[in-house]
Amino acid sequence: MTARGLYFSHPVCLEHDPRELSPHHPDTPERLIVLEHALAEREWLGWERRAAPPAAAEQLELAHSAAHVRAMRDLSAAGGGAVDADTFLGSRSFEAALHAAGGAVEMVRALLAEEASVAYCGVRPSGHHAERDRAMGFCVFNNVAVAAATALAERGLSRVMVLDWDVHHGNGTAEIFKASSCVLFASIHQSPLYPGTGPLEDVGSGEGEGHTINLPVPPGSGESLWLALLDRVVLPAAETFEPELILVSAGYDAHAADPLADCRLQTGSFVAMASRVRALAERHGAPLGLVQEGGYDSAVLAECVCAVMPALSEEEQVPMSPPAGEEGAALVERAVEHLARYWPLA
Ligand code: ZN
């Protein structure tokens, strides 16, 4: 194990461009171009670059219906079109989406083969809104869910954690794993905001009851509240769950500068979250893989990823959580109270 981490990407991810059909669409190829330029300037922070291969249909079908995979293939092959008011495929989008999901799958394979202990997928289109049977919210296939499902079905794991720190609720990931006790899904997200799902009361169903942790926060929420929810709810639940693999749906649209949402995180807030998750991963000997989701100010996205990657791979002090404000404190207590029936939360 020599590289600090593995970075997966593929040039075809730049060929998916929703602006072909929606001229002012915020999900631009420049988001990745600016990020990779910044990483190249920093010699990829000592991380090893690897090509994201395309996912096989059988892998996609661990998280999606065959009908959905076919529909996306056919829409792209026909030259593209709109799936809904936000989600567009062009002629190369299916190929891009195959490599985005395949990158996440290959990342998990490499992590479980102990080729590195941390990895990052710099891919697009994003994934966390894509449900079993439909694309939505800029997402075609649910990259992180396909990767988690592969770890469970093909690699024999029984406990995978998915932390979603994108500012939007990861409704697709939640839907795909809602009845599973093999995936602990935890999401901190702004509410109200697209897609409108993910109330605290939605804890999953059947065998999966309690294994969905939804932590909505109001517009204007900042670092103290986000870190308090991690420290008081997500991390204690994860300690009990004992993950064998930790995946992060890593969006940066909760940053104060992001144009699509109203949270107030700073670049250092993502470093603080990454440090905590890395420490969790180390305590459990679990490899840690991040998959790119949202983040619509390209310069801020690049700044955040360039700050997060070193926090994943180097020894650093885990910053202590500043005290939550009064409104935040009440919200945290409500979340602790609600979820303490499933997890030993103090
Ligand atoms: Zn988002």
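The structure reproduced in this document is the subject of the present report. (Residues numbered from 1 in each chain as written. Predicted model: local features only at pLDDT ≥ 70, side-chain atom pairs only at ≥ 80, totals over all residues. Heavy atoms only, no water.)

What follows is about the pairing of strand β2 (residues 48–51). As paired elements, strand β1 (residues 6–9) and β2 share four bridges and run parallel to each other. Bridge pairing links S9 to A51 in β2. Handedness of the crossover joining β1 and β2 through helix α1 (residues 30–41): right-handed. (Pairing = 2+ DSSP bridges. Helix = DSSP H or I, 4+ residues; strand = E, 2+ residues; numbered from the N terminus. Right-handed = clockwise from strand over helix to strand, strands pointing away.)

This paragraph deals with the side chain of D258. Positionally, D258 belongs in the loop between β9 (245–250) and α8 (267–284). This buried residue, D258, is left without a salt bridge; R31 holds the nearest opposite charge, at 7.2 Å. Separated by 2.7 Å, the side chain of D258 and the backbone nitrogen of Y296 make a polar contact. (Buried < 20%, exposed > 50% of the residue type's maximum accessible area, 1.4 Å probe, protein only. Lys, Arg positive; Asp, Glu negative; His and termini not counted. Salt bridge = Lys/Arg side-chain N within 4 Å of Asp/Glu carboxyl O. Polar contact = N/O pair within 3.5 Å; in protein donor to acceptor, adjacent residues only side chain to side chain.)

Our next topic: the nonpolar core. In terms of nonpolar packing, the biggest core is built from 117 residues, with F141, W165, L215, W226, L247, Y252 and L290 touching the most fellow members. Element by element, the count of residues in this core is highest for helix α7 (residues 223–241), at 12 residues. Those residues in contact with W226 that lie beyond four places of it in its chain are W165, D166, V167, I188, H189, V217, S221, A254, C263, L265 and M273. (Core = buried A, V, L, I, M, F, W, Y, C linked by side-chain atoms within 4.5 Å. Contact = heavy atoms within 4.5 Å.)

Here we come to the pattern of salt bridges. For side chains of opposite charge, pairing can occur when their charged atoms come near one another. In the structure shown here, the tally under the stated rule is 16 salt bridges. In this structure, R42 and E41 form a salt bridge, with 3.9 Å as the shortest nitrogen-oxygen distance. Here R42 falls in the partly exposed class, since its relative accessible area comes to 42%. Residue E41 is classed as exposed on the basis of its relative accessible area, which comes to 57%. Here E333 ties to R232 by a salt bridge, and the two come within 3.0 Å at their closest N and O atoms. With E333 in helix α10 (residues 326–339) and R232 in helix α7, the pair connects residues that are 101 residues apart, well separated along the chain. The class for E333 is partly exposed, based on a relative accessible area of 40%. Through salt bridges with shared partners, a single network forms among E48, R50, E106, R109 and E115.

Another point: the sheet that holds β2. Taken in spatial order, the eight strands make up an open sheet running β2-β1-β5-β10-β9-β6-β7-β8, and their pairing is parallel. This sheet does not close on itself; its edge strands, each paired only once, are β2 and β8 (212–217). Within the sheet, the average angular offset between the axes of one strand and its neighbour, ignoring direction, is 15°. Across the face of the sheet, α8 comes into contact with β6 (160–164), β9 and β10 (288–292) while running at roughly 165° to β9. (Axes fitted to C-alpha atoms, helices over the stretch in contact; angles between N-to-C directions.)

What follows concerns the environment of L98. Turning to its location among the elements, L98 is positioned in helix α4 (residues 93–112). Overall, L98 belongs to the buried group, its relative accessible area being 11%. Here the alpha-carbon distance between L98 and E175, two residues 77 residues apart in the chain, equals 21 Å. Residue contacts for L98: discarding those within four places in its chain leaves P53, P54, A55, L60 and F141.

What describes a pair of aromatic rings is the distance from one ring centre to the other and the angle between the planes of the rings. All chains considered together, the criterion is met by seven aromatic pairs. Between Y7 and Y120, the ring centres sit 6.2 Å apart and the planes meet at 5°, which makes this aromatic pair stacked. Taken together, the positions of Y7 in strand β1 and Y120 in strand β5 (residues 118–121) put the pair 113 residues apart, joining distant regions of the chain. Comparing Y7 with Y120, the two get one shared label, buried. For the pair F94 and F141, a centre-to-centre distance of 6.0 Å together with 75° between the ring planes defines the contact as edge-to-face. Of this pair, F94 sits in helix α4 while F141 sits in the loop between β5 and α5 (143–154), and the two are 47 residues apart along the sequence. Each member of the pair F94 and F141 is classed as buried. Sitting over the ring of W44, R49 keeps its end group 3.9 Å from the ring centre. (Phe/Tyr/Trp six-rings, centres within 6.5 Å; stacked < 30°, edge-to-face > 60°. Lys NZ or Arg CZ within 6 Å of the ring centre and 35° of its normal.)

Moving on: the state of the cysteines. Tallied over the entire structure, the rule returns zero disulfides. The thiol of C13 is not disulfide-bonded; the next cysteine sulfur, from C121, is found 9.0 Å away. No disulfide involves C263; its sulfur sits 13 Å from that of C304, the nearest cysteine. Its relative accessible area of 0% is what places C263 among the buried residues. (Disulfide = S-S within 2.5 Å.)

Every protein donor of the zinc ion is accounted for by D166 (OD), D166 (OD), H168 (ND1) and D253 (OD), and the metal-donor separations fall at 2.0 to 2.7 Å. Coordination geometry of the zinc ion: the four donor atoms subtend angles of 53 to 153° at the metal centre, consistent with an arrangement described as irregular. Going along the chain, you hit the donors of the zinc ion in the pattern D-x1-H-x84-D. In this pair, H168 is assigned in the loop between β6 and α6 (171–177) and D253 in the loop between β9 and α8, connecting sequence segments 85 residues apart. Grouping residues by exposure puts H168 and D253 together as buried. (Donors = N, O, S within 2.8 Å, 3.2 Å for Na, K, Ca; no water. Tetrahedral: all angles 85-135°; square planar, octahedral: opposite > 155°, others 65-115°.)

When two helices pack together, their arrangement is given by the angle between the helix axes and by the axis-to-axis distance. One way to put it is that α8 packs onto helix α9 (residues 298–313) with a least axis distance of 8 Å and a crossing angle of 25°. Accordingly, the angle class assigned to the pair α8 and α9 is roughly parallel. For the pair α8 and α9, the crossing hand works out as right-handed. Two secondary-structure elements touch here, α8 through T267, F270, V271, A274, S275 and R278 and α9 through E303, C304, A307, V308, A311, L312 and S313. (Parallel < 35°, antiparallel > 145°, perpendicular 65-115°, else oblique. Left-handed = near helix turned anticlockwise from the far one by under 90°.)

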